[in-house]
Amino acid sequence: MTGFDDWIGRSEQRADVLRAQPCRFMQATLGHDATLSDGDALPPLWHWLFFLEAKPLGVLGRDGHPAKGEFLPPVSLPRRMWAGGRFTFHQPLIIGRPASKTSTIKSIAEKQGRSGPLCFVTVAHEIHQDGGLCVVEEHDIVYRADPDPADAPPKPAQAPAEAAFSEQIQPSEVMLFRYSALTFNGHRIHYDNDYARTVEGYDGLVFHGPLTATLLVDLSQRHAGKTARSFSFRGTAPLSGLSAFHIEGRQAEDGAELWARRADGALAMTAHTVF
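What comes next is a walk through the structure. Computed from a prediction, not measured in an experiment: that's the story for all the values here.

Some points on the packing of helix H1 (residues 20-29) against helix H2 (residues 173-182)
Direction vectors running N to C along H1 and H2 enclose 165°, while the axes themselves pass 10 Å from each other. Relative to H2, H1 is oriented roughly antiparallel. Of the two elements, H1 crosses H2, and the hand of that crossing is left-handed. Two secondary-structure elements touch here, H1 through Pro-22, Phe-25, Met-26, Ala-28 and Thr-29 and H2 through Met-175, Arg-178, Tyr-179 and Leu-182. Its residues placed into classes, the contact of H1 with H2 shows seven nonpolar, one polar and one charged.

Now the structure itself:
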């Protein structure tokens, strides 16, 4: 039991048209030619470009996110992170067509971590198009306290040493700005360097967890030459300071084992694709 049990089961719905322009802008953000058009399949995880919410500036929290207490519970812990997610792809979403998304709060759990209290909120999403279920997503959000400047950050685990395939990603302020704009993500850790350092305790601007996951599932598909049937990821350490990092992987029995490796060798994200 938590103080937020009344929030479990709360649901909201949104509708959108999966327009080609944001998809083409996303291609450009990733350094590719803009080729996607109506009738093409939406790449995995690119649904995050749609079903967006825009709240007035006056009702945003200090971090740039909408204030909690409407759909999401009013957790008092101030820092919000995208902890991970799980996806099942039943059929492709098609660019140029309307779609709908239903979001439901599935669980809320308060825990004690190494760095203090934590609150995990899992939101389940279902995306339908043309009367059929296309994508099922479980989105894990974690809330935590502000860091104590006197405490050393937890030492992250090291990434696997043996990768069958590896690509370097060089973040930039422009890349982070573009992805924040495409997803209407106002979280200041992605564009406000002073805030990211002095308030949330990072060593610079933070690379988006969802963008890291998007790069990993794309990496797995390109190397397998197959389309993902399911995908999961979990953030383990932040990618911050605009340092280059690597997205890597190797074949697994049912698909691909994937991870993001920081410049210091730390494991930033783990992921798994099933084909």
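Once the structure has been displayed, the description carries forward.
Some points on the environment of Lys-106
Note that Lys-106 resides in strand S3 (residues 98-113). With relative accessibility at 45%, the residue Lys-106 sits in the partly exposed group. Put simply, Lys-106 and Val-135 are 29 residues apart on the chain and 16 Å apart in space, counted from C-alpha to C-alpha. Residues within four places of Lys-106 in sequence aside, it is in contact with Ile-8, Thr-122, Val-123 and Glu-138. Of the polar contacts made by the side chain of Lys-106, one reaches the side chain of Glu-138; its length is 2.2 Å.

Examining the layout of surface pockets
Computed from the structure, the second largest pocket encloses a volume of approximately 290 Å³. In terms of lining, the second largest pocket is formed by 18 residues, of which the most central are Leu-30, His-32, Leu-215, Asp-218 and Arg-222. Listed by contribution, the elements that provide at least two residues to the lining of the second largest pocket are H1, strand S6 (165-169) and helix H4 (209-224). Looking at the lining of the second largest pocket element by element, the count peaks at six residues for H4. Taken together, the residues of the lining of the second largest pocket sort by class into 10 nonpolar, five polar and three charged.

Observations concerning the pattern of salt bridges
Here the structure, examined in full by the defined rule, presents 16 salt bridges. A salt bridge links Glu-53 to Lys-55; the nearest nitrogen and oxygen atoms lie 3.7 Å apart. Residue Asp-218 pairs with Arg-222 through a salt bridge whose shortest N-O separation is 2.8 Å. Note that Asp-218 and Arg-222 are positioned in helix H4 at a spacing of four residues, about one turn of the helix. Here Arg-222 falls in the partly exposed class, since its relative accessible area comes to 44%. In this structure, a network of salt bridges that share partners links the residues Glu-12, Arg-14, Glu-53, Lys-55 and Glu-70.

Some points on the sheet that holds strand S8 (residues 245-252)
Taken in spatial order, the 10 strands make up an open sheet running S1-S3-S4-S5-S2-S7-S10-S9-S8-S6, and their pairing is antiparallel. For this open sheet the edge positions go to strand S1 (11-17) and S6, each flanked by a neighbour on one side alone. Across the sheet, the mean angle separating the axes of adjacent strands is 20° when strand polarity is ignored. Note that strand S2 (residues 79-89) and strand S5 (residues 132-144) share 10 bridges and pair antiparallel. Bridge pairing links Phe-89 to Val-135 in S5.

Focus on the side chain of Thr-183
Topologically, Thr-183 is positioned in the loop between H2 and helix H3 (193-198). Looking at Thr-183, the relative accessible area reads 12%, which means it is buried. At 2.7 Å, the side chain of Thr-183 and the backbone oxygen of Tyr-179 are in polar contact. Beyond its immediate chain neighbours, meaning those up to four positions away, Thr-183 contacts Trp-48, Leu-49 and Leu-52.

Describing the pairing of S8
As paired elements, S6 and S8 share five bridges and run antiparallel to each other. By the bridge assignment, Ile-169 is partnered in S8 with Phe-245. Where S8 meets strand S9 (residues 255-261), seven bridges bridge the pair, whose relative direction is antiparallel. The residue of S9 that forms the bridge with Ile-247 is Ala-260. Taking the residues between adjacent antiparallel strands as the criterion, S8 and S9 are bridged by two residues.

Re unusual backbone geometry
Backbone geometry places Asp-130, a non-glycine residue, at a positive phi of 55°. Within the secondary structure, Asp-130 is located in the loop between strand S4 (116-129) and S5.

Here's the deal with the nonpolar core
Most often, soluble globular proteins have nonpolar side chains that are buried together. Of all hydrophobic cores here, the largest spans 47 residues; its most connected members are Leu-42, Leu-45, Phe-207, Phe-231, Phe-233 and Leu-258. Sorting elements by how many residues they give to this core places H4 first, with six residues. Membership of the second largest hydrophobic core comes to 13 residues, among which are Phe-4, Leu-72, Val-75 and Leu-77.

Rules used throughout
Residues numbered from 1 in each chain as written. Predicted model: local features only at pLDDT ≥ 70, side-chain atom pairs only at ≥ 80, totals over all residues. Heavy atoms only, no water. Axes fitted to C-alpha atoms, helices over the stretch in contact; angles between N-to-C directions. Helix = DSSP H or I, 4+ residues; strand = E, 2+ residues; numbered from the N terminus. Parallel < 35°, antiparallel > 145°, perpendicular 65-115°, else oblique. Left-handed = near helix turned anticlockwise from the far one by under 90°. Contact = heavy atoms within 4.5 Å. Nonpolar A, V, L, I, M, F, W, Y, C, P; charged D, E, K, R; others polar. Buried < 20%, exposed > 50% of the residue type's maximum accessible area, 1.4 Å probe, protein only. Polar contact = N/O pair within 3.5 Å; in protein donor to acceptor, adjacent residues only side chain to side chain. 1 Å grid on protein atoms, 1.4 Å probe; cavity = no way out; pocket = protein on both sides within 12 Å on 5 of 7 lines; lining within 4 Å. Points joined across faces, edges and corners; volume = space filled by probe spheres on them. Salt bridge = Lys/Arg side-chain N within 4 Å of Asp/Glu carboxyl O. Pairing = 2+ DSSP bridges. Core = buried A, V, L, I, M, F, W, Y, C linked by side-chain atoms within 4.5 Å.

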